[in-house]
Amino acid sequence: MTHPLLDLAPLTAAHFAAIERRVAAVLSTEQDVVIMQGEALLPLEGCIRGGARPGSAALNVVTGPYGQTFGNWLRDCGAAVFDLTVPFHTAVTAEQIGQALDEHPEIDFVSLVHAEAATGNTNPVAEIGEVVRAHGALFMLDAVASVGAEPLLPDAWGVDLCVIGAQKAMGGPAGVSAVSVSERAWERFAANPAAPRRSYLSLLDWKERWIDGGRKALLHAPAQLEMLALEACLERIEAEGLGAVEGRHLAAASATRAGATALGGGLEPYVHAARDAAPVATTLRTPAGVDASQVVAKALAADPSLPLIAGGGALSKEMIRVNHYGVDATRGVVESSLAALGAALSESGLRVDSEAARKAVAETWPSA
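Computed from a prediction, not measured in an experiment: that's the story for all the values here.

## What to know about the overall build of the protein
Now for step 1: Counting its regular elements, the protein contains 13 helices and 13 strands.
Now for step 2: Whereas a compact globule of 368 residues would reach a radius of gyration of roughly 21 Å, the protein reaches 21 Å, a difference of no more than 12%.
Now for step 3: Taking the principal axes of the C-alpha coordinates as reference, the protein spans close to 65 × 65 × 35 Å.
Now for step 4: Scored against the burial criterion, the 368 residues of the protein give a buried share of 54%.
Now for step 5: Across the protein, the fraction of contacts at a sequence separation of at least 24, relative to all contacts at a separation of at least 6, is 70%.
Now for step 6: When the accessible area of the protein is evaluated, it comes to approximately 15100 Å², of which 54% is carbon and sulfur surface.

This is the structure:
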């Protein structure tokens, strides 16, 4: 028996390289792009283990849970780590980063998450990149949640290592990821005796055996289904237009924020300032005494397809996430999500105005 997902011709090096070029176009980058055969934690860890070593110093910006993970990896590498932690309901500023760099001139590596889907905030990377570039440190950016949801320009912003995944705003697979690598970053990796080599974590292996070899021979058998899914995802973005995809996410975020505020029931945006709110997902704070996880469970009982989830860990009691990304960045999904949350809050004895929420979404969503 044949099967369309199993009986596929091998993915050639030329086909792999063509997909790589399309990823570079999404990032508007002239830097080398490496597509790695695993979820985005693979290149993120590879970047840190290639760029950090004993004797180096890193500024690790923590605006959500992934920043905490990066700090642990940096310490594992023997780097001196200076954590800059800001409240999860806001964003870090270029001024805060500049002050940290002035206080610790030995810092030569900066790690930052662009948008935190888990907490719903986004950071001003263009301004931050200017400060980091002036200091001379290597700049690593986790753009897994932001790519496709908001502008992302690693070359223009001075980002040396920009890691993306396709599973959120791009609407693609989770099993492959990519990173753009500047010449400065390659030099740092090559000069680091502790950088992974002959390893699945090794970006240098891709540089030496794939890029420097003219992209003629792959390191190993590619994750074929995931690569084809990534290609289909890129084709869909190209057909819609990257600007239109980003516009859809911004519209979904603005409408969700406005609709949730109008809904009432004690719901409030978790991220205080709209300018700090990520287009990829909107986080909402439930009123005191109302368990967010229970509200989400009630809403999903009515419609399990809705992109609703309670916050992770300690935030599960107070935070609701509306993950309006990818195919869910639509007016219909926003309206359905707010209606379900309204019904769940009403069932808990709270007063809501679902019609006001619907009207707020309609007024906020751009006209066709």
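## Looking at the pairing of strand S7 (residues 138-142)
Now for step 1: Along S7, five of the five residues are buried, which leaves the element largely enclosed by surrounding structure.
Now for step 2: Neither face of S7 is exposed, since Leu138, Met140 and Asp142 on one face and Phe139 and Leu141 on the opposite face are all buried.
Now for step 3: Relative to S7, strand S4 (residues 109-113) runs parallel, the two being bridged by five bridges. When the bridges of S7 are listed, phenylalanine 109 appears paired with leucine 138.
Now for step 4: Here S7 runs beside strand S8 (residues 161-165); their pairing, made up of three bridges, is parallel. Considered in S8, the bridge of aspartate 142 is made with valine 163.

## Overview of the sheet that holds strand S3 (residues 80-85)
Now for step 1: On the basis of which strands lie adjacent, the open sheet formed by seven strands has the order S1-S9-S8-S7-S4-S2-S3 and mixed pairing. A strand with exactly one partner marks an edge of an open sheet, and here the two such strands are strand S1 (32-36) and S3. Strand-to-strand twist across the sheet, computed as the mean angle between neighbouring axes with direction ignored, equals 15°.
Now for step 2: Note that strand S2 (residues 57-62) and S3 share six bridges and pair parallel. In the sheet register, alanine 58 faces S3, and the bridge partner there is valine 81.
Now for step 3: Seen against the sheet, helix H5 (residues 125-135) touches S4 and S7 and runs at an angle of roughly 160° to S7.

## Description of H5
Now for step 1: Of the residues making up H5, those classed as buried are Val125, Ile128, Gly129 and Val132. Here the buried residues of H5 occupy an arc of 100° about the axis, which is enough to place them on one side. Along H5, the residues that are exposed and aim more than 90 degrees away from the buried face are Glu130 and Ala134.
Now for step 2: Contacts made by the buried residues of H5 are with helix H4 (94-103), S4, S7 and helix H6 (154-157).

## Overview of the pattern of salt bridges
Now for step 1: Scanning the entire structure with this criterion turns up 16 salt bridges.
Now for step 2: Here glutamate 235 makes a salt bridge to arginine 22, at a shortest N to O gap of 3.9 Å. Within this pair, whereas glutamate 235 is found in helix H9 (residues 224-240), its partner arginine 22 is found in helix H1 (residues 13-26), the two being separated by 213 residues in sequence.
Now for step 3: Measuring nitrogen to oxygen at the nearest pair gives 2.8 Å for the salt bridge that ties glutamate 240 to arginine 248.
Now for step 4: Sharing partners across several salt bridges, the network here consists of Arg22, Glu231, Glu235 and Glu238.

## Regarding the UniProt feature "domain: Aminotransferase class V" (unreviewed entry) in the protein
Now for step 1: The UniProt feature table records "domain: Aminotransferase class V" (unreviewed entry) at residues 75-194.
Now for step 2: Along residues 75-194 one finds 30% helix and 25% strand; the C-alpha atoms at either end are 13 Å apart.

## Some remarks on the sheet that holds strand S11 (residues 282-285)
As a general point, the strands of a sheet are linked pairwise by backbone hydrogen bonds and lie either parallel or antiparallel.
Now for step 1: Read from one edge of the open sheet, four strands run S10-S11-S13-S12, paired in antiparallel fashion. Two strands close off the open sheet at either side, each with one partner strand: strand S10 (268-269) and strand S12 (308-310).
Now for step 2: Taken together, the two bridges between S10 and S11 define a ladder with antiparallel strand orientation. Directly across from proline 269, in S11, lies its bridge partner leucine 284.
Now for step 3: Strands S12 and strand S13 (319-322) of the sheet are contacted by helix H11 (residues 292-302), whose axis makes an angle of about 155° with S12.
Now for step 4: On the sheet, helix H12 (residues 331-347) packs against S11, S12 and S13 and is oriented at approximately 155° with respect to S13.

## Observations regarding the nonpolar core
Looking at soluble globular proteins, one finds that nonpolar side chains tend to be buried together.
Now for step 1: Core analysis: the biggest nonpolar cluster contains 82 residues, and Leu161 and Ile164 have the highest contact counts within it.
Now for step 2: For this core, the element with the most residues is H1, which contributes seven residues.
Now for step 3: Excluding anything up to four places from it in sequence, isoleucine 164 contacts Val23, Leu27, Ala40, Ala143, Val144, Val147, Leu152, Met170, Ser177 and Ala178.
Now for step 4: Counting residues in hydrophobic clusters, the runner-up holds 27 residues, among them Val290, Val295, Ala299 and Val322.

## Focus: the environment of alanine 244
Now for step 1: Checked against the element boundaries, alanine 244 lands in helix H10 (residues 242-263).
Now for step 2: Note: C-alpha distance between alanine 244 and alanine 149 (95 residues apart in sequence) is 9.7 Å.

So, how was this worked out
- Residues numbered from 1 in each chain as written.
- Predicted model: local features only at pLDDT ≥ 70, side-chain atom pairs only at ≥ 80, totals over all residues.
- Heavy atoms only, no water.
- Helix = DSSP H or I, 4+ residues; strand = E, 2+ residues; numbered from the N terminus.
- Rg over C-alpha atoms; globule rule 2.2 N^0.38 Å.
- Buried < 20%, exposed > 50% of the residue type's maximum accessible area, 1.4 Å probe, protein only.
- Contact = heavy atoms within 4.5 Å.
- Areas by Shrake-Rupley, 256 points an atom, 1.4 Å probe, with all protein chains shown as cover.
- Pairing = 2+ DSSP bridges.
- Axes fitted to C-alpha atoms, helices over the stretch in contact; angles between N-to-C directions.
- Arc of directions from axis to C-beta.
- Salt bridge = Lys/Arg side-chain N within 4 Å of Asp/Glu carboxyl O.
- UniProt positions renumbered as here; feature names shortened; annotations may be inferred.
- Core = buried A, V, L, I, M, F, W, Y, C linked by side-chain atoms within 4.5 Å.

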